[in-house]
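# Structural overview for review
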Amino acid sequence: MIRVSNPHDPQLDDYRELKDATRRRSGTFIAESELVISRLLTSRFAIRSLLLTPTRYARLAPTLPSDLPAFVADEEVLNALVGFPLHRGALALGVRPAVEPSLGEVLRAARTIVIVEDVVDPDNMGAVFRHSAAFGVGAVVLSPHAGDPLYRKAIRSAVGWSLHVPWLRLSEEQWPSMLDDLCTDDWHVFALTPNVDAPVMAHALQALPPTARVALLVGTEHVGLTEAAMQRATLRARIPMADGVDSLNVATTVALALYELARRNW
């Protein structure tokens, strides 16, 4: 434990700028809250240091590696340092891996994946990972312009599960052509759409063998999937809704579709 009482202490410089664009350039990310940090401690990501209030430190101390620097400061010091009230009193500085897993590695180990095209809202992104963890998804695959799962708000919305569910971001060259390659393998790509002419997800799944490998393809919060992605899917499917309702939140759609997938094995 390293006790700090001055918000201008240079030891805390890593926590002085919490804007995530800056974090991505520096190869780091910020994890916030005691629960999220607990998940970070058991993840594949390296941790450079922690910044905690005395109360949070006391609770986390039994699980902390002895060589991990843990700065401890009163709440007033933390608030002055970051520039806003930090109610959760716990921050960790994580390190982004230099190399992401390859698409082949991710697909070999998965039976179900979620493919996210251009979703940028951090709350939605985090919820997609939380739902993916809850239903045993093998990986999340992101289009080139999708949001960052290691954005501070996304990690918090995921309750730390974006640190555990495997994921990778495709390059411009890979998107959306990778869907063609996926469909020629033993994967069934379900493009989720609110179109009432599409078959209901639960019904569409009945035609698949129980061992089928399924990729759920979801699009942006406002316009949904691009036609280029939609045309490459094996099948379009929908979640039934009441008349007059045009769409569901993308994260809610993922949760319902994954539930239908999981229900086949219960």
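Quick look at the structure, then. These numbers come from a predicted model, not from an experiment.

With that settled, the discussion passes to the sheet that holds strand E10 (residues 213-218). What the 6 strands build is an open sheet, ordered E8-E7-E6-E10-E9-E11; its pairing is parallel. If you trace the sheet from one side to the other, it starts and ends with strand E8 (167-169) and strand E11 (235-237), each paired once. Across the sheet, the mean angle separating the axes of adjacent strands is 25 degrees when strand polarity is ignored. For strand E6 (residues 112-116) and strand E7 (residues 139-142), the ladder comprises 4 bridges, and the chain directions are parallel. Opposite Ile-113, over in E7, you have Ala-139 as the bridge partner. On top of the sheet, helix H6 (residues 122-134) reaches E6, E7 and E8; it is set at about 175 degrees to E6, its chief contact. Contacts from helix H11 (residues 250-263) reach E6, strand E9 (187-192) and E10, with the element oriented near 165 degrees to E10.

Ranked by internal contacts, the top residues of the largest apolar core, which has 50 residues, are Leu-50, Val-114, Val-116, Phe-190 and Met-201. With 6 residues, H11 is the largest single contributor of residues to this core. What Leu-50 contacts, discounting residues up to four positions off in sequence, is Tyr-15, Ile-37, Leu-64, Leu-68, Pro-69, Ala-70, Phe-71, Leu-91 and Ala-92. Ile-115, Met-178, Val-189 and Leu-225 belong to the second-largest nonpolar core, a separate cluster that totals 23 residues.

A water-sized probe rolled over the atoms picks out the places where empty space is left. When its volume is computed, the largest pocket comes out at roughly 380 Å³. As for the largest pocket, its lining consists of 20 residues, and the residues nearest its centre are Leu-192, Pro-194, Gly-224, Ser-247 and Leu-248. Among the residues making up the lining of the largest pocket, the classes are represented as 11 nonpolar, 7 polar and 2 charged. By volume, the second largest pocket amounts to about 170 Å³. In terms of residues, the lining of the second largest pocket owes the most to one element, H11, which gives 3 residues. Of the residues in the lining of the second largest pocket, the class split is 7 nonpolar, 4 polar and 2 charged.

Within the fold, His-131 resides in helix H6. Residue classification places His-131 among the partly exposed positions, given a relative accessible area of 22%. Separated by 46 residues in sequence, His-131 and Ser-177 have C-alpha atoms that sit 26 Å apart. Apart from the residues within four sequence positions on either side, His-131 is in contact with Ala-251, Ala-255 and Leu-258.

Within helix H2 (residues 34-41) the residues assigned to the buried category are Glu-34, Val-36, Ile-37, Arg-39 and Leu-40. Lining the buried residues of H2 we find strand E2 (28-32), strand E3 (46-52), helix H3 (54-60), strand E5 (90-95) and helix H7 (152-157).

Quick notes on the rules
- Residues numbered from 1 in each chain as written.
- Predicted model: local features only at pLDDT ≥ 70, side-chain atom pairs only at ≥ 80, totals over all residues.
- Heavy atoms only, no water.
- Pairing = 2+ DSSP bridges.
- Helix = DSSP H or I, 4+ residues; strand = E, 2+ residues; numbered from the N terminus.
- Axes fitted to C-alpha atoms, helices over the stretch in contact; angles between N-to-C directions.
- Contact = heavy atoms within 4.5 Å.
- Core = buried A, V, L, I, M, F, W, Y, C linked by side-chain atoms within 4.5 Å.
- Buried < 20%, exposed > 50% of the residue type's maximum accessible area, 1.4 Å probe, protein only.
- 1 Å grid on protein atoms, 1.4 Å probe; cavity = no way out; pocket = protein on both sides within 12 Å on 5 of 7 lines; lining within 4 Å.
- Points joined across faces, edges and corners; volume = space filled by probe spheres on them.
- Nonpolar A, V, L, I, M, F, W, Y, C, P; charged D, E, K, R; others polar.

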